[in-house]
Amino acid sequence: GGDGSATDNGPRIELHLHLEGAAPPGFIRDLAKRRHVDIGQIFAPDGGYAFRDFAHFLEVYEAAASVLRGPEDYHRLTLAVLEAQAEQGVIYTEAFLCPQFCGGGDVAAWRDYVAAAYDAAALAESRLGTRLRIIATAVRHTGPDAAKRAALCAAETAGAFVTGFGLAGDETAGRPRDFAYAFDMAREAGLGLTAHAGEWDGPSSVRAVLDDLRVTRIGHGVRAIEDTALVARLAADGIVLEVCPGSNIALGVYPGWAAHPVNRLRGAGVPVTLSTDDPPFFRTALGREYARLADAFGWDAATFAAINRTAAGAAFCDAATRADLI
Ligand code: ADE
Ligand code: ZN
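This one's a predicted model, so the numbers in the text were calculated from it and none came from an experiment.

Focus: the sheet that holds strand S8 (residues 272-274)
Part 1 of the argument: Across the sheet, eight strands lie side by side as S1-S2-S3-S4-S5-S6-S7-S8; this open sheet has parallel pairing. The outermost strands of the open sheet, each flanked by one partner alone, are strand S1 (12-18) and S8. Adjacent strand axes in the sheet meet at a mean angle of 25 degrees when their direction is disregarded.
Part 2 of the argument: Pairing of S1 with strand S2 (residues 90-97) involves five bridges; the strand directions are parallel. Considered in S2, the bridge of Leu-17 is made with Ala-95.

Structure representation (structure tokens):
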């Protein structure tokens, strides 16, 4: 209940969080000032991020990320984000980190960013008891060549900390099969695979990432609800949706909580998990999401516990860590 900042529903697991997208606006504003970069236009009068629609959101996101300049910035960002995660009762987070933002797709530069994030994660784990794993992420609207470079970075650092490869950005750009080479490289390296789909585009987009990229999880995936056969396939194959209801509502995919399909997807047997995507951008937090879902659908502590068990089972980490979460 309340704003849900307390851990009133047991330990939480969050599988879909963009690290840059979790940067508090004050953190970005201070960096911009120090670097003498004028990005005042991305802020609302109240100091939060301001955007009109999804295309503008992506622009504002990239402008905010552009002031993060080196591994030291990502070290501080990772610590700040994990402090917020601990406050929300999150014991395990998978965060998207983008090799294109972190060293421009260069493997050696990317290693330094990963080392910085790892160092911050180790500090947060010992101080706060919250854990982090990284999903290296390509950006769909920057095309397949950039995605191949991102996948090479991911493959070169694959291990106990970098455990996944993903595809974010504008899902209406290009076709999933253009990214098959990058996903094949990541799969060969033993990485877990996820792609954003079914957020802006419909069921065919979800089918395409399943068929052409062979992902086991889908970022959002909520528009699968428009196709009964697809919903049945997700349930039968145990494809896990990383559902971010507050993000969808803030960006106008759905008009409000009651209209969001997460309850219907869950009712149809689709494995759903709950995340915040880019919490300060959407003026949300995981606790707030839980509170709104409890109000909209009558979900109780047992429902949230089951959803967190689903997330634990779907986490891209080694079996021992996974068993520890369940
Ligand atoms: N990158 C950060 N947030 C995103 C979202 N909601 N959809 C696609 N790409 C993103
Ligand atoms: Zn996302």
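Let us keep going from here.
Overview of the site of ligand 1
Part 1 of the argument: With respect to spatial proximity, the complete set of residues near ligand 1 consists of His-18, Gly-21, Tyr-61, Ala-168, Gly-169, His-196, Glu-199, Ser-247, Asp-277 and Asp-278.
Part 2 of the argument: Classifying every residue of the shell around ligand 1 by side-chain character gives two nonpolar, five polar and three charged.

What to know about the confidence of the model for the chain
Any region with low pLDDT has predicted coordinates that should not be read closely.
Part 1 of the argument: Summary statistics for the chain give a mean pLDDT of 96 and a share of 98% for residues scoring 70 or more.
Part 2 of the argument: As a predicted assembly, this complex carries a pTM of 0.97 together with an ipTM value of 0.96.

Examining the nonpolar core
Part 1 of the argument: In this structure, Ala-151 and Ala-154 are the most contacted members of the largest nonpolar core, which totals 97 residues.
Part 2 of the argument: In this structure Ala-154 touches Ala-136, Val-162, Phe-165, Ala-186, Ala-189 and Leu-191, once residues within four positions along its chain are discounted.

A look at the environment of Ser-275
Part 1 of the argument: Within the element layout of this structure, Ser-275 appears in the loop between S8 and helix H11 (286-297).
Part 2 of the argument: The exposure class assigned to Ser-275 is buried, which follows from the 28 C-beta atoms found within 10 Å.
Part 3 of the argument: Filtering out sequence-adjacent residues up to four positions away, Ser-275 remains in contact with Glu-14, Leu-15, His-16, Leu-17, Glu-242 and Cys-244.

Let's talk about the pairing of strand S6 (residues 217-220)
Part 1 of the argument: As defined by bridge partners, strand S5 (residues 192-197) adjoins S6 across four bridges and the pair is classed as parallel. Looking at the pairing, Ala-197 lines up with His-220 of S6.
Part 2 of the argument: After leaving S5, the chain enters helix H7 (residues 203-213) and then returns to the sheet as S6, a path that is right-handed.

Quick word on the environment of Ala-250
Part 1 of the argument: If you trace the backbone, Ala-250 turns up in helix H9 (residues 245-250).
Part 2 of the argument: Separated by 33 residues in sequence, Ala-250 and Arg-283 place their C-alpha atoms 8.4 Å apart.

Some remarks on helix H8 (residues 228-237)
Part 1 of the argument: Along H8, the residues classified as buried are Leu-230, Val-231 and Leu-234. Down the axis, H8 shows its buried residues gathered within 105 degrees of arc, on one side only. In H8, those exposed residues whose orientation departs by more than 90 degrees from the buried face are Thr-228, Ala-229 and Ala-236.
Part 2 of the argument: On its buried face, H8 is in contact with H7 and helix H10 (262-267).
Part 3 of the argument: Gly-238 occupies a position one or two residues after H8 and carries a positive phi of about 65 degrees.

The rules we used
Residues numbered from 1 in each chain as written. Chains lettered and ligands numbered in written order. Predicted model: local features only at pLDDT ≥ 70, side-chain atom pairs only at ≥ 80, totals over all residues. Pairing = 2+ DSSP bridges. Helix = DSSP H or I, 4+ residues; strand = E, 2+ residues; numbered from the N terminus. Axes fitted to C-alpha atoms, helices over the stretch in contact; angles between N-to-C directions. Near = placed C-beta within 6 Å. Nonpolar A, V, L, I, M, F, W, Y, C, P; charged D, E, K, R; others polar. pLDDT = per-residue confidence, 0-100. Core = buried A, V, L, I, M, F, W, Y, C linked by C-beta atoms within 7 Å. Buried ≥ 20, exposed ≤ 12 C-beta atoms within 10 Å, placed from the backbone. Contact = placed C-beta atoms within 7 Å. Right-handed = clockwise from strand over helix to strand, strands pointing away. Arc of directions from axis to C-beta.

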